[in-house]
Amino acid sequence: MTAPVLTPAARPSPPEGIRPSWLPPLRRKLSGAPRSAGRVLAVTATVFVLASLLTFALGALSDANPAAAVLGDQATPADIARMQAQFGLDRPLYAQYLSWLGHALSGDLGVSWFTSVPVADSISQALPVDLSIAGLALLLAVLLGGGAGIGAALNNGGRFDRAVTLVCSVLATLPPFLIGIVLIVVFAVQLGALPTGGYVPLGQSPGEWLRYAILPAFALSLDAAASIARQLRTSLVGALRENYVTGAEMRGFSSRRVLFGHVLRNAAGPALSVLGLSVPVILGGAVVTEKIFNLPGIAQLALQSAEQHDIPVIQGTLLVTVVVVLIANIAVNAALAALNPAARRGAAAGRRPAADGGAS
């Protein structure tokens, strides 16, 4: 006589009272996280490959001839052919692209055609300047735009609301380089409170770093702050009219708890998306801003390389900039998922009927 075999359907389940109440929601979150993370990584990888292909094509299709530029006017065709073979430019374009991308993924971005300095070393010296300035600019944009947007929503239709709308409309029309010139004239030339340009690393002296970085960061932050203020104001005005806000107030919750504990979390999604879109705008605006404030950033490195037709440096700076923007987008998507519990509940509710339907 053999022992009975229990099938999964016939296997007894643990009593309902013993099963922890937090286990089903945690299991649904863990089951959905790999799928969502895999989708984000797939989109990010696709964008990276397309951006790298475009970056390489811009350099490969240019008229730059490094062999002739390095050897000068006295170079013979044989010397030019030898130099092109040394740079690997005599191979097909697809072979050059695959070799360049493979080395880039391992951290090797090539060497400068004119200085023979590794591109990765030049970028590693310039990138901290851009990251620190862009980080400070985003922080100022969040503080200024968030404060103005919340104040305008709470004073909907009032003087402060109209003033914020007017200021945001004016700032949206002003380019960062014009704001930077005005800031230099006012705070550096007239008042003498801040330097006109230059840069001190954050690790060397945080106080001096802030003195040199505050003006370019403020110039870059105003456009993003205006966009955040307008988007947050619109979202908050709509969220403050929701029924759950009235219910929370009737239950005796304080206005501060309702605003910062419930309403702001539900209304911050569009403003956070605007913040993510501001990252490439700030990096793009740094080209002119670094020139005005004499900052040794990656934008200046790319600009100087473009003037010399130094293609490896241009391709390296563009590729690193693309990576920074993609990382910022991943961080924004993660923040949006954390701030929007309704989206997670909707995704879980969408998966549940599908799972039930598949089981039936």
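Remember, it's a predicted structure, so these values are computed and weren't measured experimentally. (Residues numbered from 1 in each chain as written. Predicted model: local features only at pLDDT ≥ 70, side-chain atom pairs only at ≥ 80, totals over all residues. Heavy atoms only, no water.)

S.K.: So what exactly am I meant to see when it comes to the overall build of the chain here?
M.R.: Each helix and strand in the chain was counted, giving 13 helices and zero strands. Secondary structure elements of the chain, listed N to C terminal, follow the sequence α-α-α-α-α-α-α-α-α-α-α-α-α. Classification of the 360 residues of the chain by burial places 34% in the buried group. Partitioning the intrachain contacts of the chain with sequence separation of at least 6 by distance along the chain shows that 72% fall at a separation of at least 24. Within the structure as shown, the chain displays about 20,800 Å² of accessible surface, and the carbon and sulfur contribution to it stands at 65%. (Helix = DSSP H or I, 4+ residues; strand = E, 2+ residues; numbered from the N terminus. Buried < 20%, exposed > 50% of the residue type's maximum accessible area, 1.4 Å probe, protein only. Contact = heavy atoms within 4.5 Å. Areas by Shrake-Rupley, 256 points an atom, 1.4 Å probe, with all protein chains shown as cover.)

S.K.: In this structure, what is going on with the packing of helix H5 (residues 119–154) against helix H10 (residues 255–293)? I would like to understand it.
M.R.: Think of two packed helices as two axes; the pair is described by the angle between the axes and how far apart they sit. At a minimum axis separation of 9 Å, H5 and H10 run at an interaxial angle of 140 degrees. In this view, H5 runs oblique relative to H10, as classed from their interaxial angle. Handedness of the H5/H10 crossing: right-handed. Counting all contacts with H5, which are made through Asp-130, Ala-134, Ala-137, Leu-138, Val-142, Ile-150 and Leu-154, the residues of H10 involved are Leu-259, Phe-260, Leu-264, Leu-275, Val-279, Ile-282, Leu-283, Ala-286 and Glu-290. Grouping the constituent residues of the contact of H5 with H10 by class yields 14 nonpolar, no polar and two charged. (Axes fitted to C-alpha atoms, helices over the stretch in contact; angles between N-to-C directions. Parallel < 35°, antiparallel > 145°, perpendicular 65-115°, else oblique. Left-handed = near helix turned anticlockwise from the far one by under 90°. Nonpolar A, V, L, I, M, F, W, Y, C, P; charged D, E, K, R; others polar.)

S.K.: Even after reading the chapter, I still don't get the confidence of the model for the chain, so can you show me in this structure?
M.R.: Reading predicted coordinates in detail is not appropriate for stretches of low pLDDT. Of the residues in the chain, 82% reach a pLDDT of 70 or more, and the chain-wide mean stands at 80. Of the regions scoring below 50 in pLDDT, residues 1–18 engages in four contacts with residues more than four places distant in sequence or in other chains. In the predicted structure, residues 353–360 sits below a pLDDT of 50 and forms zero contacts with residues beyond four places in sequence or in another chain. (pLDDT = per-residue confidence, 0-100.)

S.K.: Help me understand the UniProt feature "transmembrane region" (unreviewed entry) in the chain, please; the structure alone is not making it clear to me.
M.R.: The sites that carry the UniProt feature "transmembrane region" (unreviewed entry) are, in the present numbering, residues 37–61, 131–154, 166–189, 209–229, 267–288 and 318–339. Taken end to end, residues 209–229 has its terminal C-alpha atoms 27 Å apart, with 100% of it in helix and 0% in strand. Between the C-alpha atoms that bound residues 318–339 there is a distance of 31 Å. The span itself is 100% helix and 0% strand. (UniProt positions renumbered as here; feature names shortened; annotations may be inferred.)

S.K.: Hey, could you run me through the pattern of salt bridges in this one?
M.R.: Oppositely charged side chains can pair when the atoms bearing their charge come close. Applying the stated criterion to the full structure yields two salt bridges. Of the charged contacts in the structure, one is a salt bridge between Asp-161 and Arg-233, with a shortest N-O distance of 2.8 Å. You can see Asp-161 sitting in helix H6 (residues 159–173) and its partner Arg-233 sitting in helix H8 (residues 206–239), a full 72 residues away along the chain. You can call Asp-161 buried: its relative accessible area is 4%. Across the salt bridge formed by Glu-208 and Arg-211, the nearest N and O atoms sit 3.3 Å from each other. In this pair, Glu-208 and Arg-211 are both assigned in helix H8, three residues apart and thus about one turn of the helix distant. (Salt bridge = Lys/Arg side-chain N within 4 Å of Asp/Glu carboxyl O.)

S.K.: Help me understand the side chain of Ser-221, please; the structure alone is not making it clear to me.
M.R.: Secondary-structure assignment places Ser-221 in helix H8. Residue Ser-221 is classed as buried on the basis of its relative accessible area of 0%. Those residues in contact with Ser-221 that lie beyond four places of it in its chain are Ala-137, Leu-140 and Ala-141.

S.K.: Can you walk me through the packing of aromatic side chains in this structure?
M.R.: The description of two aromatic rings rests on the distance between their centres and on the angle between their planes. All told, the structure shown has three aromatic pairs when counted by the stated rule. When the ring of Tyr-97 is compared with that of Trp-100, the centres are 6.3 Å apart and the planes differ by 40 degrees; the resulting orientation is tilted. With a gap of three residues between them, Tyr-97 and Trp-100 both fall in helix H4 (residues 93–105), about one helical turn apart. Judged on exposure class, the residue Tyr-97 and its partner Trp-100 are both buried. Its guanidinium or amino end placed over the ring of Phe-253, Arg-257 lies 4.1 Å from that ring's centre, counting from NZ or CZ. (Phe/Tyr/Trp six-rings, centres within 6.5 Å; stacked < 30°, edge-to-face > 60°. Lys NZ or Arg CZ within 6 Å of the ring centre and 35° of its normal.)

S.K.: Where do I start with the nonpolar core in this structure?
M.R.: Soluble, globular proteins show a tendency: their nonpolar side chains are buried together. By size, the foremost hydrophobic cluster in this structure holds 51 residues, and its most contacted members are Leu-109, Ile-123, Ile-133 and Val-320. A per-element tally of this core places H5 first, with twelve residues. A domain split of this core shows at least three residues from each of domain 1 (41–58 + 77–108) and domain 2 (120–342). Here Ile-133 is in contact with Ala-213, Pro-216, Ala-217, Leu-220 and Leu-295, once residues within four sequence places are set aside. The next biggest cluster of nonpolar side chains, apart from the first, holds 22 residues, and it includes Ala-153, Val-237, Ala-248 and Leu-264. (Core = buried A, V, L, I, M, F, W, Y, C linked by side-chain atoms within 4.5 Å. Domains from an automatic or database assignment.)

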